[in-house]
Amino acid sequence: MSIVLQLSQVKRNKLERPKECPYCRGETFQRWGRQTRRVKDSQIRTVRVFRYRCTTCRRTFRHYPEGVTHAQQTERMKQLAVICWSFGLSYRKIEMILSAFGVSLSRMSSWRDVQAGAEGIRRRTQWKSARVVGVDGAWVNGQGVMVAVDLGDGEPLAIAAIDEKDMAAVFRWLKGLTQRHGIGVIVTDDLAMYRTMTDKLELGHQVCHFHVRRWVGRACWDLGQRLPEEWLWILDRIKHIMEDLPPDGGKQLLELYKQLPGHLKMAQERTPLDELRFLLIRLSENWERYTTFFHDPGIPWTNNRTEQAIGRMKMRARTVRGYKTRSGMLNGLLVSSTPLT
Ligand SMILES: [Zn+2]
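Residues numbered from 1 in each chain as written. Predicted model: local features only at pLDDT ≥ 70, side-chain atom pairs only at ≥ 80, totals over all residues. Heavy atoms only, no water.

1. Quick word on the coordination of the zinc ion
- With distances of 2.3 to 2.4 Å, the protein atoms coordinating the zinc ion are Cys21 (SG), Cys24 (SG), Cys54 (SG) and Cys57 (SG).
- Coordination at the zinc ion is tetrahedral, judged from the four donor atoms that bind it and the angles of 103 to 112° they form at the metal.
- Taken in chain order, the donor set of the zinc ion reads C-x2-C-x29-C-x2-C. Pair noted here: Cys21 is in the segment before strand E1 (29–38) and Cys57 is in the loop between strand E2 (46–54) and strand E3 (60–63), with a separation of 36 residues, a long-range link.
- Accessibility expressed as a relative area gives 28% for Cys57, which makes it partly exposed. (Donors = N, O, S within 2.8 Å, 3.2 Å for Na, K, Ca; no water. Tetrahedral: all angles 85-135°; square planar, octahedral: opposite > 155°, others 65-115°. Helix = DSSP H or I, 4+ residues; strand = E, 2+ residues; numbered from the N terminus. Buried < 20%, exposed > 50% of the residue type's maximum accessible area, 1.4 Å probe, protein only.)

As C-alpha cells, this is what we get:
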C-alpha cells in the first residue's frame, strides 16, 4: 500500500445521516442533539458533530463529519504529518511548518501519527496476496533488517529486525510470509542461502541480474589475471553467455566445463583452473534461477524495486536521531520505505 499524496477531505457539516448504529447495526435513529467541536486543521477551526439515538438499542452515539474522528486532529493533518516525516523532516520541523498554518501540533502527536501510519500500512498489507516478492537484507541504524517488497506494485510487505546472516531466523520469516501472502516466486541476491530456502519452501527463484553480473564480472576479471593463456577464451564465452542469456546457456556452460582437463575436486588449495571449473559448475547449476523471468512476464530480472525501498528507508534513517524502541524503529522504516504516490 502506498502513502497517497492526496489529502482527505474535511467537511464542516456532515449532511448525510449515519447508515447504521455502531452498537447494534440498527438503521433508524433520532437526532439527539448537536455540538460544535474545535479541531486541529489547516483550514477549519470547528466542526459540527451530531448525536443520534438508535431506536433499536436506545444508545446514543456521535456522528462525525467526513475527515474527522474523535481525535483533535483532522485526518488530513495526520496524513500531512506522515508525509512531512517521510520527506525527511524532524518532528520539531513538522511542528514549525504546521504552526505556519495555524495548527499547533505537538511533536508527540506527529510521532503518534507516524506510528499510526505504519499500523495502517501493516493492517492493509497483512493479508495482501503477492505472487512475486523481492527479498533483501539491509543495515540501518545499527540494526540488521530484512525487507520484503511486493514486486507487483513496488510496495513493502514486511520489514523485520532480522540480520540476514541469521539463516534460521530469515527462513522462519520467509516461511511465514510465503504462507500469509501466497508467494510464488522470490527475487534475491545470489546467496547460497536463498537457493536452499526456495528449494525447501518450493518457491520459484529469480536471482537479481545486477548482482550476478557484478560478481561474475569480478570473478572473470580476477581469473583473467591468473589463468594460463590457453584458457582465457573460456572467460570470454562465459561473459557472452551471461549477457545473452541463451535458453540453453546452462548446457553451454557445462560443455565448456567438459573441455577443461581433469575434474572438480574438493582440494584445499585451488589452482586458477580449479576456480574456473567451480565457476562454470556454479553458473550451469543455477542457470534456471538466472532465467526464471523468461517464463513469466510478472517476474522482473532485477531486484531493483526492493533496492529502491531500502534506499528510501536508509535516506530517512540517516537523519533520524535514534529510535527509542525497536517497534518504533520498524514503524519508521515501514513508513519511509513505502513509496509516495
Ligand atoms: Zn443500536
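Read on for the rest.
2. Here's the deal with the sheet that holds E3
- The three strands are arranged E1-E2-E3 in an open sheet whose pairing can be described as antiparallel. Of all the strands in the sheet, just E1 and E3 have a single pairing partner and so form its edges. With strand direction ignored, the average angle separating the axes of adjacent strands in the sheet is 25°. (Pairing = 2+ DSSP bridges. Axes fitted to C-alpha atoms, helices over the stretch in contact; angles between N-to-C directions.)

3. Here we look at helix H11 (residues 304–318)
- Taking 1.5 Å per residue, 15 residues should reach 21 Å; H11 reaches 21 Å between its end C-alpha atoms and fits that length.
- What H11 keeps buried is the set Thr306, Ala309, Ile310, Met313, Arg316 and Ala317. Viewed end-on, H11 has its buried residues packed into an arc of 125°, placing them on one side of the element. Those residues of H11 that are exposed and aimed more than 90 degrees away from the buried face are Met315 and Arg318. (Expected span 1.5 Å × (residues − 1). Arc of directions from axis to C-beta.)

4. Some details on the environment of Arg17
- Looking at where Arg17 falls in the secondary structure, it is placed in the segment before E1.
- When its relative accessible area of 42% is taken as the criterion, Arg17 is described as partly exposed.
- Residues Arg17 and Pro65, spaced 48 residues apart in sequence, show a C-alpha to C-alpha distance of 9.9 Å.
- A distance of 3.0 Å separates a polar atom in the side chain of Arg17 from the backbone oxygen of Phe29. (Polar contact = N/O pair within 3.5 Å; in protein donor to acceptor, adjacent residues only side chain to side chain.)

5. Notes on the packing of helix H6 (residues 209–226) against helix H7 (residues 232–244)
- Direction vectors running N to C along H6 and H7 enclose 170°, while the axes themselves pass 10 Å from each other. When the interaxial angle is binned, H6 and H7 end up roughly antiparallel. In contact with Val212, Arg213, Val216, Cys220, Leu223 and Gly224 of H6, H7 contributes Leu232, Leu235, Ile238, Lys239, Met242 and Glu243.
- Each residue belonging to the contact of H6 with H7 can be placed in one class, and the counts come to eight nonpolar, one polar and three charged. (Parallel < 35°, antiparallel > 145°, perpendicular 65-115°, else oblique. Contact = heavy atoms within 4.5 Å. Nonpolar A, V, L, I, M, F, W, Y, C, P; charged D, E, K, R; others polar.)

6. Things to note about the environment of Arg112
- Assignment of secondary structure puts Arg112 in helix H3 (residues 107–125).
- Of the residues examined, Arg112 reaches a relative accessible area of 47% and is grouped as partly exposed.
- With 30 residues separating them along the chain, Arg112 and Val82 place their C-alpha atoms 9.5 Å apart.

7. Considering the layout of surface pockets
- Counted as a void, the largest pocket has a volume near 580 Å³.
- At the level of secondary structure, the elements contributing two or more residues to the lining of the largest pocket comprise helix H2 (91–100), H3 and helix H12 (326–337).
- Among the elements that make up the lining of the largest pocket, the one with the highest residue count is H3 (three residues).
- Among the residues making up the lining of the largest pocket, the classes are represented as eight nonpolar, five polar and five charged. (1 Å grid on protein atoms, 1.4 Å probe; cavity = no way out; pocket = protein on both sides within 12 Å on 5 of 7 lines; lining within 4 Å. Points joined across faces, edges and corners; volume = space filled by probe spheres on them.)

8. Description of the pattern of salt bridges
- Inspection of every chain in the model, using the stated rule, returns 16 salt bridges.
- Of the charged contacts, one joins Asp199 and Arg289 as a salt bridge, the two residues approaching to 3.0 Å between their closest N and O atoms. Of this pair, Asp199 sits in helix H5 (residues 192–200) while Arg289 sits in helix H10 (residues 287–290), and the two are 90 residues apart along the sequence.
- Of the charged contacts, one joins Glu275 and Arg226 as a salt bridge, the two residues approaching to 2.8 Å between their closest N and O atoms. Note that Glu275 is positioned in helix H9 (residues 272–285) and Arg226 in helix H6, a separation of 49 residues in sequence.
- Residue Glu275 is classed as partly exposed on the basis of its relative accessible area, which comes to 25%.
- For Arg226, a relative accessible area of 36% gives the class partly exposed.
- Counted as one network, the salt bridges with shared partners bring together Lys128, Asp150, Asp153 and Glu155. (Salt bridge = Lys/Arg side-chain N within 4 Å of Asp/Glu carboxyl O.)

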